[in-house]
Each structure stands twice: as structure tokens, then as C-alpha cells.
Amino acid sequence: MSSLPVENIINTLNLEVIYCDQDTLSIDIDTSDINRPGLQFAGFFDYFAHDRIQVLGKVEMTYLRQLDEDIRGRYLDKFFSYDIPCAIISRGMDIPDYILHYAKKYKRPVLRSDMTTTKLINKLIGYLDSQLAPRITKHGVLVDVYGVGIFLMGESGIGKSETALELIKRGHRLVADDAVEIKKVAEQRLVGEAPELIRHFMEIRGIGIIDIKAMYGVGAVINNKPLDLAIYLEFWDNEKEYDRLGLVEDYTEILGVKLPKIVIPVRPGRNLAIIVEVAARNWRLKKLGYNSAKELDNRLNALIRGNEE
Amino acid sequence: MIEREFVINNEMGLHARPAAKLTQVANKYRSEVLVIKNNKIGNGKSLLSILALGIFKGTPFKVRITGPDEIEAMCGVRKLIEGDFNEERDQS
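Description of the structure in this document. (Residues numbered from 1 in each chain as written. Chains lettered and ligands numbered in written order. Predicted model: local features only at pLDDT ≥ 70, side-chain atom pairs only at ≥ 80, totals over all residues. Heavy atoms only, no water.)

**What about the overall build of chain B?**
Spelled out, the test is: Runs of H or I in DSSP of at least four residues are treated as helices and runs of E of at least two as strands, each being numbered from the N terminus. Taken over C-alpha atoms, the radius of gyration is set against a globule rule of 2.2 Å times the number of residues to the power 0.38. Partly exposed residues are those whose accessible area sits between 20% and 50% of the maximum for their type, while under 20% is buried and over 50% is exposed, using a 1.4 Å probe and protein chains only. Contact definition: two residues touch when any of their heavy atoms are within 4.5 Å. Note on areas: these come from Shrake-Rupley sampling with a 1.4 Å probe, and a residue is covered only by the protein chains present in the view.
Within chain B, the regular secondary structure consists of four helices and four strands. The helix and strand sequence of chain B, counted from the amino end, reads β-α-β-β-α-β-α-α. For 92 residues, the compact-globule formula gives about 12 Å, and the C-alpha radius of gyration of chain B, at 12 Å, lands near that figure. For chain B, the C-alpha atoms occupy an extent of roughly 30 × 30 × 20 Å along the three principal directions. Expressed as a percentage of its 92 residues, the buried residues of chain B come to 51%. At a minimum sequence separation of 6, the contacts of chain B that also span at least 24 residues come to 67%. Of the accessible surface of chain B, which amounts to about 4800 Å², a share of 48% is contributed by carbon and sulfur atoms.

Structure below.
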């Protein structure tokens, strides 16, 4: 499981820092769940999810205000003594001293947001989910062909980048060359993007590094793209049987997600870009419920039946 | 599989030129060469993939080599990195 520092959340969600000790900015959060500490403020600390971000909304703040001072102090002291990553107050509410006192005592960051509580929680969970999603960096090229996210794989030097270049020239878009950061954003959904440092750059042997965005314009690139189909390029092997029909579906697994895979043998004179385009079109046809191979099979079967009669 | 940890002493870290040299050396061998920084893995045979790791001066990183000529490959890589990226010619 990955984690991310509090600092990133502050910057991304535009939170106001009310109190924060310098070292606590780098505290890592490793769960995308949120806790609203209503029950804790009522003194019930069993199963307290102290590793989560604590969100204080209007209810919590109002409840604290009307609480007896001694009791309030006791519960707040106990609350902040747990190693909570941070407490966020929503709706831009004023933060009374009794909260800050105990936050400072245990050096827990206190942040504030202008958003309403539900909206803030929504945004927090959305952001944390995307940041904490399982991820992996894979060698390959990710291109968007007719809206289909195609992940080109294969050995170094087989011509993945050259194929991608030809695809870009034909009006398709580059997501990432060489290194693709793949994130599992939902149960059956992978999204790929380029590491920020090398975004929209490509390496072509013999020429060197090229900047696709500068060369082909913004229309030729896209920042991230869900992966739909994996295409594995390999040197043509005369011993191996390649799929002639396309009736059987093969898969590859990335982060536990099954991704349809096709293997394309590479031989001089084969225009890989066109083959990739066709694979994308075929994938879309299949998605729409039309399988060319099955269709041909059906026609053939109908003819055979006709002959028998 | 063999693995070894390195630290770059070069003033600029693993910038474009040394990274290119590293890929050149890695590409001479048949083994798979991986460059690992924290939990990020880059393919040692691909320039962009190494650059994407962002290895600066003093950053520890690991090189993991797996394959038929892994020992020779590790020797080559080690010579290159420990010789501050100047010795890659003598090596071949």
C-alpha cells in the first residue's frame, strides 16, 4: 500500500493551515477512509480509527461548544493524544482555543477548508483513492487509438516507439513512452500515465530524445488514459502458431486486473501502426457486440445447414 | 538474479549523459537490467525510463540484473558507475 504526506493534501485541496509543526507535514497517510470524531467527543474511544484523517463539521463543533469545559478538555486531550494524521475543520468555521491548545500539545496538524463537510469528505476520499491506488511502473508505450487505450509491450528495440510515432502521425495520441505508471483506480480499471519528468518525450534510436508535444502539438498527446487492450510485439517465430481467427481471447494480468491481450509478430515490411489501428477498431466492434470471426463462422454454419437440407 | 546498491557521486546526479551511457552498457548484455529507486522500477535498457526515476547526487539506488550474462553485466555497470561514467569505453 502506498502512502502520501499531509503536505500534498494541503496543496491539492487548498486547505488553510491553522496550526502545523514543520516535521508533521511529512506524516504519511495510508488509508483513504475518513473519520468524523463525533463519538470520540462523546467519550467513546473503542475502535477509534485514529489512522484516518479526522473531519470536524458543524455538528462536532457545535457539540464541543456546549460541552462542559472539564469534560471537553478531557476528551479533546485524549483525542489528540492518538497519532491522528491531521484534523480538518470544514465550512471555514472559527477554531476555538480549546481545540488548538490540545492540538499543539501533541503536535497534530489542524487544517481548515471552506467547503461544506460532505463536499470536503467527497473530495478527500476521491483524491486519496486516486493517490493511494496500487501502482506499478511498466516498460512499454501507451497510446490512445480511436479512444482505445492501447498498451504496447515487447522487448527493447522491437519498435514500440517507432510504432507509436507512426500512430501519432496518423492522428492518434501519445500517453507515455518507455515507462508507463499504471494505477488501479477501481476493481477492473487501470489508468496509465507518464512519469512527470519524461511526460510527452520519446526516444527514437538514432535521433535521440524528441518532444512530441512541441513537434506535433497538443492534439498529439494526452495526460492519462485507461488501459483497454495490451498488444505484445514479438519477433516472428516460425515455430509458433499465431492466432488466425481471433475467436479465442487471451489476457494479461496487471495489478490483478485482467487486460485483453493480443500478440503481434513483427516482421520486416509489416506496417505495425495499421495493425494496431485495426486491433483498436476490432476491439471497439467487439465492445459493441460484433465479433467479425464469429460473424463469419455464423455465415459458414448457415451455408452448411442450407446444403444439408 | 544479482542485486547491488549504488550511490551517484557525480555532481549533477544521473542526468541525461550518464544515463545514456548506462543504457548503452546495459544494452550490450542479454540480461534484464532494472534500476530501482525507492519502490520505483526503471528499465536499465531504456533511457527515458531511467531518467524518470530522478536519481540525484547522493541518492542510493539499486541495480538488479537477471539473465544468462548477469555477472558480466553487473561488472560492466559497476565499472561505469564507480568510475563516474568515464570508463565505459575501456570496458568494451
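**Observations regarding the packing of helix H1 (residues 16-26) of chain B against helix H3 (residues 70-82) of chain B**
Residue and element names in this part refer to chain B. Using the following cut-off: Angles shown run from 0 to 180 degrees and are taken between the N-to-C directions of axes, each axis being a line fitted to C-alpha atoms and, for helices, limited to the stretch in contact. Angles below 35 degrees are treated as roughly parallel, those above 145 as roughly antiparallel, those between 65 and 115 as roughly perpendicular, and all remaining angles as oblique. What makes a crossing left-handed is the near helix being turned counterclockwise from the far one by less than a right angle; a clockwise turn instead makes it right-handed. Ten residues, namely Ala, Val, Leu, Ile, Met, Phe, Trp, Tyr, Cys and Pro, are considered nonpolar, four, namely Asp, Glu, Lys and Arg, are considered charged, and the remaining ones, Gly among them, are considered polar.
Where H1 meets H3, the axes come as close as 9 Å, and the angle between the chain directions of the two elements is 160°. When the axis of H1 is compared with that of H3, the two are roughly antiparallel. When you trace H1 past H3, the crossing you get is right-handed. Along its contact with H1, which presents Lys21, Leu22 and Val25, the element H3 presents Gly76, Val77 and Leu80. When the residues that make up the contact of H1 with H3 are grouped by side-chain class, the tally is four nonpolar, one polar and one charged.

**Things to note about a nonpolar patch on the surface**
The following threshold applies: Like-charged residues are merged into a patch within 9 Å and nonpolar side chains (Val, Leu, Ile, Met, Phe, Trp, Tyr) within 5 Å, provided each residue has over 30% relative accessible area and no salt bridge. Salt-bridge detection follows one rule: a side-chain nitrogen of Lys or Arg within 4 Å of a carboxyl oxygen of Asp or Glu.
A cluster of nonpolar side chains, Leu245, Leu247 and Val248 of chain A, forms an exposed patch at the surface whose accessible area comes to about 310 Å². You can see Val248 of chain A is positioned in the loop between strand S17 (229-235) and strand S18 (250-254).

**A few points about the sheet that holds S17 of chain A**
All names here are of chain A. Rules: Paired strands, as defined in this entry, are two strands with at least two bridges between them according to DSSP.
Reading across the sheet, the six strands line up as S11-S9-S10-S17-S19-S18 and stay open at both edges, with mixed pairing between neighbours. Every other strand in the sheet has two partners, leaving strand S11 (173-176) and S18 as the edge strands with one partner each. Adjacent strand axes in the sheet meet at a mean angle of 35° when their direction is disregarded. In this sheet, strand S10 (residues 148-153) lies alongside strand S9 (residues 141-145) in antiparallel orientation, the contact comprising five bridges. Along S10, the bridge assignment pairs Val145 with Val148. Strand contacts of helix H7 (residues 160-169): S9, S10, S11 and S17, with the helix running at about 20° to S9, the strand carrying the most contacts. Helix-sheet contacts for helix H9 (residues 272-287) involve S9, S10, S17 and strand S19 (257-266), and the interaxial angle to S10 is about 135°.

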